[in-house]
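The chain contents come next:
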Amino acid sequence: MPVPRAERKLLRDLAKQVADIAALPVMEERKRLWRRHNALKAGRPMVLVFPEGSWRELLPAESLRCASKEGRALELDLRRRIYTHEHFFDDTVVEALMVVGTVVHSTGWGLEPKWRPATEAVGARGFDPVILTPADLKKLKAPRFSRDDDATRARLQEMQELFGGILRVELRGVRYFGIHIMNLYTALRGLDQVMLDMVENPGMLHDAMAFYEEAYQGMIRQYAEMNLFSLNNDNTYHSSGGVGWSDELPKPGFDPARVRPCDLWASAEAQELALVGPEMHEEFVLAYERRLLAHFGLNGYGCCEDLSRKLDYVFAI
């Protein structure tokens, strides 16, 4: 739904604050430091602060002044950028930019996790496994994608009318490509059972990982054929806590009209295997992830899991 006219002045005023912050000289210096960092050159550590779930305390819902769902989402985005600059003093680059993403629809994976709701407002939820036998793997389907150009044009026009003259409004396609095959599978099979399968039923686990690898290969092909990829060697979030500023991308032969996987950052992780040894991590997930990551120009690996004993395998990416 369009942003109500009554909320537009508030959002434009916030956007002007963001634009003023983005014009500060320190933002160009941070970009330079990020490019150095991502080139693996020596220098000071880079710091990013992500409040994640704590945003509900820093910018509580009742502090927002917009009433519409669309307006509140935009207000929260803009206020977070301002708050980050005023309070965190980290290496976040604030840009005078509003990205409009291409609207893409997916057919899904054929099966959905069966979640059990948390008993507390911010508590952990559980799930009931839906893959119980090897035969259930046949219920999985590789997703197919379609683009909604009408919805994309409408969204782009709305943001141009709202923020034009203050923020750059740019249309982008797929910029973040993360590979999370173990996350997808454990939500269907159950984490405890996957651990047991490594010893008691390794063939079933390999069959599942082979399916997800093939499905992700298809995803990469579809995005490329549909010309959905957009460059992410900029302020785009990637991996597990980084931004993409880099002079190493795009790769030679780049055509701005058609971005290739080799022009992009990608990432993968398998936090679910944090307590699994290096050899099993390699056998049951990293070997599959590595072949997918090979399509891309730069990669990040890992999330919250300890990889210190697994780096020999990780560095083979």
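Higher on the page you've got the structure.
> It is not clear to me how the sheet that holds strand E7 (residues 178–179) should be interpreted in this structure. Could you clarify?
The pairing of strands in a sheet happens through backbone hydrogen bonds and is either parallel or antiparallel. With parallel pairing, 3 strands are arranged side by side in an open sheet as E7-E10-E11. Two strands bound the open sheet, and with one partner strand each, they are E7 and strand E11 (298–301). Here E7 runs beside strand E10 (residues 265–268); their pairing, made up of 2 bridges, is parallel. Opposite Gly-178, over in E10, you have Ser-267 as the bridge partner.

> Please explain the nonpolar core as it appears in this structure.
The nonpolar side chains of a soluble globular protein tend to be buried with one another. Ranked by size, the top nonpolar core spans 47 residues in total, and within it Ile-131, Phe-177, Tyr-185, Met-209 and Tyr-212 carry the most contacts. Listing elements by their share of this core, those giving two or more residues are helix H6 (181–189), helix H7 (191–200), helix H8 (202–225), E10 and helix H9 (278–293). With 11 residues, H8 is the single largest residue contributor to this core. Residues in contact with Met-209, not counting those within four places in the same chain, are Ile-181, Met-182, Tyr-185, Phe-284, Val-285 and Tyr-288. Core analysis: the next-biggest nonpolar cluster, separate from the first, contains 25 residues, Ile-21, Leu-74, Ala-96 and Met-159 among them.

> What is the right way to read H9 from this model?
Think of an α-helix as turning once every 3.6 residues; residues three or four places apart then point the same way. For H9, with 16 residues, the first-to-last C-alpha span of 19 Å runs short of the 22 Å given by 1.5 Å per residue. Leu-286 marks where H9 bends most, by close to 50°. For H9, every residue scored as buried is listed here: Pro-278, His-281, Glu-282, Phe-284, Val-285, Leu-286, Ala-287, Tyr-288, Glu-289, Arg-290, Leu-292 and Leu-293.

> Would you take a moment to explain the side chain of Thr-236 for this structure?
Counting through the fold element by element, Thr-236 comes out in the loop between H8 and strand E8 (237–238). Within polar-contact distance, the side chain of Thr-236 engages the side chain of Asp-234 at 2.5 Å. When neighbours within four sequence positions are excluded, Thr-236 is seen to be in contact with Arg-175, Leu-231, Gly-242, Val-243 and Gly-244.

So, how was this worked out
- Numbering of residues begins from 1 in every chain and follows the order in which that chain's sequence is written.
- Residues qualify for local features only when their pLDDT is at least 70, as the model is predicted, and side-chain atom pairs are given and counted only at 80 or more; totals for whole chains, interfaces and linings, by contrast, use all residues.
- The side-chain numbers reported here are obtained from all heavy atoms of the structure, hydrogens and water having been left aside.
- Any two strands are treated as partners once DSSP identifies two or more bridges connecting them.
- The secondary structure listing takes helices from DSSP runs of H or I that are at least 4 residues long and strands from runs of E that are at least 2 residues long, numbered from the N terminus.
- Take the buried Ala, Val, Leu, Ile, Met, Phe, Trp, Tyr and Cys residues and link them wherever side-chain atoms come within 4.5 Å; each set so joined is a nonpolar core.
- Note on classification: 1.4 Å probe, protein chains only; a residue is buried when its accessible area is under 20% of the maximum for its type, exposed when over 50%, partly exposed between these limits.
- Working rule for contacts: check all heavy atoms of both residues, and any pair within 4.5 Å makes them a contact.
- Helix span, as expected, comes to 1.5 Å for every residue beyond the first.
- One axis fitted to the seven residues ending at a residue, another fitted to the seven starting there: the angle between these axes is the bend at that residue.
- What qualifies as a polar contact is a pair of N or O atoms within 3.5 Å, subject to a donor-acceptor requirement within protein and to the restriction that residues adjacent in sequence count only when both atoms come from side chains.

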